[in-house]
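Spelled out from the first residue to the last, the chains are:
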Amino acid sequence: MIVKINDYFDLDKIINSGQTFRAKRIDDNLFRFVSLDHVLYISLVEISDGVAFEVSCSQDEWASYWHNYFDLSRSYKDISIKDDYAKECFNTSKGIRILRQEPFEMLISFIISQRKTIPAIRTSIEEICKRYGKPISTEYEDELYLFPQAKTIVTDIDKLSECKLGYRCSYVTDAVNTIIKDPEFLNKGYAMSDEELLNHLTTIKGVGVKVGNCVALFAYNRVGLAPIDTWISKIIDTHYNGVSPFYTYGKDAGIIQQYMFYHAITHKNNF
């Protein structure tokens, strides 16, 4: 099926923006996204009046799931960029979108992300999926593993230590046990304010302010929140005299943060 997207949309930048760790490039012009039990293969195609995307799913699945996943109801073209450095970051990062991902996967992913590089995070997450996730096959991949549910991990939780988690293993264990004790723990977050959601998430061992903000942004689409990691801290110190610029962006702060983060990791020599 062919879909047109009339907004900024760059698949390569999305998968390398540090918000998703299972999306990947299959070949030069084919990308794969997996969320819950949904798997999407998507590629750029030329049409008579511009460009569009060929997707592997049905029109119904695109409309009911992937349109929301890629945050396509929001116009990123309408976001106002307020200063020269932010404009520089935007020019690098234009096409990134804040994905609406599954909360349990984001919780585990960003607990694991602490003091790890993006490739190392991906390796650990794939180990968890191979050990606990459901295997499926697709037209393009003979063996692909879905992200497991907490109830699957808890059946053999002692094996988590074999997934290259290091000290984060106890944090993941606490997260899994929290969800087992309260299966609606993450679903409750949808109805909470940003502050309530962050307080709720940080009751889990190993979920501090930064990880909580990442889960809130990338699972609950709280785009008014801007996670502050090492890269963003350097940007604030170097380009904003130590004063965070994100309060000036209000409801778009998380999107601007993502533009700045991607710009930083792709221009490391500037720091």
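Refer to the structure printed above.
A brief report on the enclosed structure follows. Each residue is numbered by its place in its chain's sequence as written, counting from 1. Only residues with pLDDT of at least 70 are given local features in this predicted model, and only at 80 or more are side-chain atom pairs given and counted; all residues enter the totals for whole chains, interfaces and linings. The basis for every side-chain value is the complete set of non-hydrogen atoms in the structure, without hydrogens or water.

Now for helix 5 (residues 118-132). Here helix 5 contains 15 residues, and its C-alpha end-to-end distance of 21 Å stays within 8% of the 21 Å for a straight helix at 1.5 Å per residue. Accessibility here uses a 1.4 Å probe with only protein chains present; expressed as a share of the type maximum, an area under 20% marks a residue as buried, one over 50% as exposed, and anything in between as partly exposed. Secondary structure elements are taken from DSSP: a helix is a run of H or I of four residues or more, a strand is a run of E of two residues or more, and numbering for both begins at the N terminus. Listed in full, the buried residues belonging to helix 5 are Ile121, Ser124, Ile125, Ile128, Cys129 and Tyr132. Take helix 5 and look down its axis: the buried residues cluster within an arc of 140°, on one side only. Residues are treated as being in contact if the distance between any of their heavy atoms lies within 4.5 Å. Residues of helix 5 that are buried in the fold lie against helix 4 (103-112), strand 7 (144-145) and helix 6 (150-153). What a helix should span is 1.5 Å times the count of its residues minus one. Along the arc lie the directions from the helix axis toward the C-beta atoms.

Aromatic pairing here means that ring centres of Phe, Tyr or Trp (its six-membered ring) are within 6.5 Å. Orientation follows from the plane angle: under 30 degrees is stacked, over 60 is edge-to-face, and everything else is tilted. Enumeration according to the criterion identifies 19 aromatic pairs in this entry. Relative to phenylalanine 53, the ring of phenylalanine 9 has its centre 5.0 Å away and its plane inclined at 75°; by these criteria the two rings are edge-to-face. Residue phenylalanine 9 is found in the loop between strand 1 (2-3) and helix 1 (11-15), and its partner phenylalanine 53 is found in strand 5 (residues 50-55); the two are separated by 44 residues along the sequence. Taking the relative accessible area as the measure of exposure, phenylalanine 9 reaches 12% and is therefore buried. Summarising the aromatic geometry, the rings of tyrosine 85 and tyrosine 240 are spaced 6.1 Å apart at their centres and angled 80° between planes, so their arrangement reads as edge-to-face. Of this pair, tyrosine 85 sits in helix 3 (residues 84-93) while tyrosine 240 sits in the loop between helix 10 (230-239) and helix 11 (253-266); the two residues are 155 residues apart in sequence, bridging distant segments of the chain. The two residues tyrosine 85 and tyrosine 240 agree in class, both being buried. Each member of the aromatic cluster is reached from another via a ring pair, and the members are Phe9, Phe33, Phe53, Trp62, Tyr65, Trp66, Tyr69 and Phe70. For the cation-ring pair, lysine 77 lies above tyrosine 8, with the distance from its terminal atom to the ring centre recorded as 5.9 Å. For a ring to carry a charge above it, either NZ of a lysine or CZ of an arginine must fall within 6 Å of the ring centroid while also lying within 35 degrees of the normal to the ring plane.

In this section: the environment of threonine 266. Locating threonine 266 in the fold gives a position in helix 11. Assessed through its relative accessible area of 38%, threonine 266 is described here as partly exposed. For the pair threonine 266 and serine 17, spaced 249 residues apart in sequence, the C-alpha separation works out to 9.6 Å. At a separation of 2.7 Å, a polar atom in the side chain of threonine 266 contacts the main-chain carbonyl oxygen of tyrosine 262. Of the polar contacts made by the side chain of threonine 266, one reaches the side chain of histidine 267; its length is 3.2 Å. In protein, a polar contact means a hydrogen-donor-capable atom and an acceptor-capable atom, both N or O and within 3.5 Å, with residues adjacent in sequence counting only if both atoms are side-chain atoms; elsewhere, any N or O pair within 3.5 Å suffices.

Residues of helix 2 (residues 59-69) that are buried include every one of Trp62, Tyr65, Trp66 and Tyr69, and no others. Down the axis of helix 2, the buried side of the element spans an arc of 125°, and every buried residue falls inside it. Opposite the buried face of helix 2, at more than 90 degrees from it, the exposed residues are Gln59, Asp60, Ala63 and Ser64. On its buried face, helix 2 is in contact with strand 1, strand 3 (30-35), strand 4 (38-47) and strand 5. Directly beyond the C-terminal end of helix 2, a positive phi value near 55° is found at aspartate 71.

With that settled, the discussion passes to the sheet that holds strand 2 (residues 24-27). The 5 strands lie next to each other as 1-5-4-3-2, forming an open sheet whose pairing is antiparallel. Each end of this open sheet is capped by a strand with a single partner; those strands are strand 1 and strand 2. Between any two strands, at least two bridges found by DSSP are needed for them to pair. Relative to strand 4, strand 3 runs antiparallel, the two being bridged by 5 bridges. Bridged to serine 35 within strand 4 is histidine 38. Packed onto the sheet, helix 2 meets strand 1, strand 3, strand 4 and strand 5 and runs at close to 85° relative to strand 4. Here the axes come from fitting lines to C-alpha atoms, over the contacting stretch only for helices, and the angles between their N-to-C directions go from 0 to 180 degrees.

This paragraph deals with the side chain of aspartate 7. Assignment of secondary structure puts aspartate 7 in the loop between strand 1 and helix 1. On the accessibility criterion, aspartate 7 (14% relative accessible area) is buried. Here the side chain of aspartate 7 touches arginine 97 through a polar contact of 3.2 Å, side chain to side chain. Beyond its immediate chain neighbours, meaning those up to four positions away, aspartate 7 contacts Arg74, Ser75, Tyr76, Lys77 and Arg97.

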